[in-house]
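Observations on the three-dimensional arrangement
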Amino acid sequence: MNKKRTLILLSLFTLFSCQNTQASQKKENTLVDLKGREVSLKQDISKVCITFNIEEYLAIGGKKAKDKIVGWSFSYWKGRRNDAYKAYTQAYPELLNCQDIGYDKNINIETIISLRPDVLIASSAVDYSFFQPHLDLFDKAGIPVVFIDYHTDTVETIGKSNQVLGTILKEEKRAEEITEYYQSKVNPIFEKAKTITEDQKPNVYMEFSKGKDIYGNTWSKKMWGSLIQQVGGNNIAYDISDTNSVDMAKEAIISKNPDVIILTGVEQTGLNGNVVLGYGQDEEKAKKNLETYLYRTEWKDVNAVKTRNLSAVYHDLSRHVFDFAGVEYLAKQIQPTIFADLNPMKDLEEFFTLYMPFELKGCFMIQL
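Residues numbered from 1 in each chain as written. Predicted model: local features only at pLDDT ≥ 70, side-chain atom pairs only at ≥ 80, totals over all residues. Heavy atoms only, no water.

Some remarks on the sheet that holds strand β16 (residues 365-367)
Applicable threshold: Two strands are counted as paired when DSSP detects at least two bridges linking them. Working definition: helices are DSSP H or I runs of at least four residues, strands are E runs of at least two. Numbering for both runs from the N terminus. Working rule for contacts: check all heavy atoms of both residues, and any pair within 4.5 Å makes them a contact. Every angle, taken between N-to-C directions, lies between 0 and 180 degrees, and every axis is a line fitted to C-alpha atoms, over only the stretch in contact when it is a helix.
In space, the five strands of this open sheet follow the order β10-β8-β12-β14-β16, with mixed pairing throughout. Among the strands making up the open sheet, the edge pair consists of β10 (234-235) and β16. The pairing of strand β14 (residues 310-314) with β16 spans three bridges and is antiparallel. Bridge pairing links Ala312 to Ile366 in β16. Strand contacts of helix α12 (residues 283-291): β12 (260-265), β14 and β16, with the helix running at about 45 degrees to β16, the strand carrying the most contacts.

Following this line, the structure appears as structure tokens:
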């Protein structure tokens with residue numbers, strides 16, 4: 001951190017020192033976040049900064065929780081999650097009046113501290129490596145930092161993250177209700193998948209759609225990679241990395257000869273010819289772009305291509321509180337006979353009716 005930034009931060013600490021001392025005397029709630037850190041919070045949270053997980057925050061906090069947000073990762077949503085950005089800011093125009101706090105390595109610490117939030121909520125998978133060296137700065141500024149984790153995509157981490165948000169927002173009952181809803185959808189799938197023998201598990205390849213000429217952006221042990229394994233598939237990229245996503249060489253993909261290929265799609269700046277799914281998206285256009293993947297010359301002899309076993313799912317049906325629908329979709333695509341009775345789209349619509357701020361409209365799942 002350069003000298004200029006250090007001086008700015010020191011001046012902010014001096015400015016807020018009296019207020020922080022008084023605030024610390026009122027801290028009553030203590031929770032353990034998803035990095036195992038014990039964090040003390042004010043009893044009444046009125047100002048929140050949040051990075052990645054606004055959907056989860058709004059699902060658990062309800063409509064009134066939006067009024068607490070003073071800063072969020074505006075630039076990330078507008079550039080990389082355009083459909084969600086438009087859907088949520090149309091539902092809650094007030095979000096446009098909040099401060100952009102940056103994203104990933106471009107998070108602005110000075111901006112966050114200047115907003116004087118009662119808590120900063122961040123993603124352990126996306127943000128911890130950035131924030132960890134600076135946690136003492138937030139501590140001196142009297143700003144508790146709480147990490148949640150939806151990226152690992154296990155029932156345990158999602159349930160604990162819900163509980164943490166419920167504690168912060170004083171919505172423990174609603175958080176528990178959402179967790180129970182989630183578990184009611186995924187636990188029967190995971191239990192049934194345990195009975196599937198190794199010889200029944202197809203080789204599965206998933207790819208973030210960037211257009212038919214760009215291969216290999218996939219997942220190993222997190223997000224979609226984790227879910228493949230849990231629903232009765234064999235993720236061909238599982239042993240490559242522990243990172244959130246990983247690039248897999250096309251030669252390696254072809255050599256693994258996947259039986260099932262599932263793309264994920266989302267509206268994102270700078271991509272052309274990709275499969276675009278999500279809020280407000282067009283099914284016909286998405287299917288047209290999906291079909292172009294059949295004509296990747298190099299993988300014409302791959303099992304999934306020869307049998308036209310290609311499908312696509314909205315990218316944000318992973319690492320989110322409503323990703324039970326992604327679990328259901330994967331289960332149905334990977335083990336269609338065993339999970340024939342699942343209806344992921346119906347369940348997703350029901351969840352939005354119960355817990356989200358607007359009616360679900362768009363295209364979220366397609367197959368050839």
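Overview of the pattern of salt bridges
Quick reminder of the rule: For this analysis, a salt bridge means a side-chain nitrogen from Lys or Arg found within 4 Å of a carboxyl oxygen belonging to Asp or Glu.
Scanning the entire structure with this criterion turns up 20 salt bridges. Here Glu267 ties to Lys86 by a salt bridge, and the two come within 3.2 Å at their closest N and O atoms. Taken together, the positions of Glu267 in the loop between β12 and β13 (278-279) and Lys86 in helix α4 (residues 82-91) put the pair 181 residues apart, joining distant regions of the chain. Between Asp213 and Lys212 there is a salt bridge, and its shortest N-O distance comes to 3.1 Å.

Looking at the pairing of strand β8 (residues 203-208)
Looking along a regular strand, one sees side chains alternate from face to face of the sheet. Keep this limit in mind: For every residue, the accessible area (1.4 Å probe, protein chains only) is compared with the maximum for its type, and the residue is labelled buried under 20%, exposed over 50%, or partly exposed between those bounds.
Most of β8 is tucked away: five of the six residues are buried. Sheet analysis places β8 next to β10, joined by two bridges and oriented parallel. By the bridge assignment for β10, Asn203 is matched with Asn234. Inspection of the sheet shows β8 paired to β12 by five bridges, in the parallel sense. Looking across to β12, one finds that Tyr205 is bridged to Ile261.

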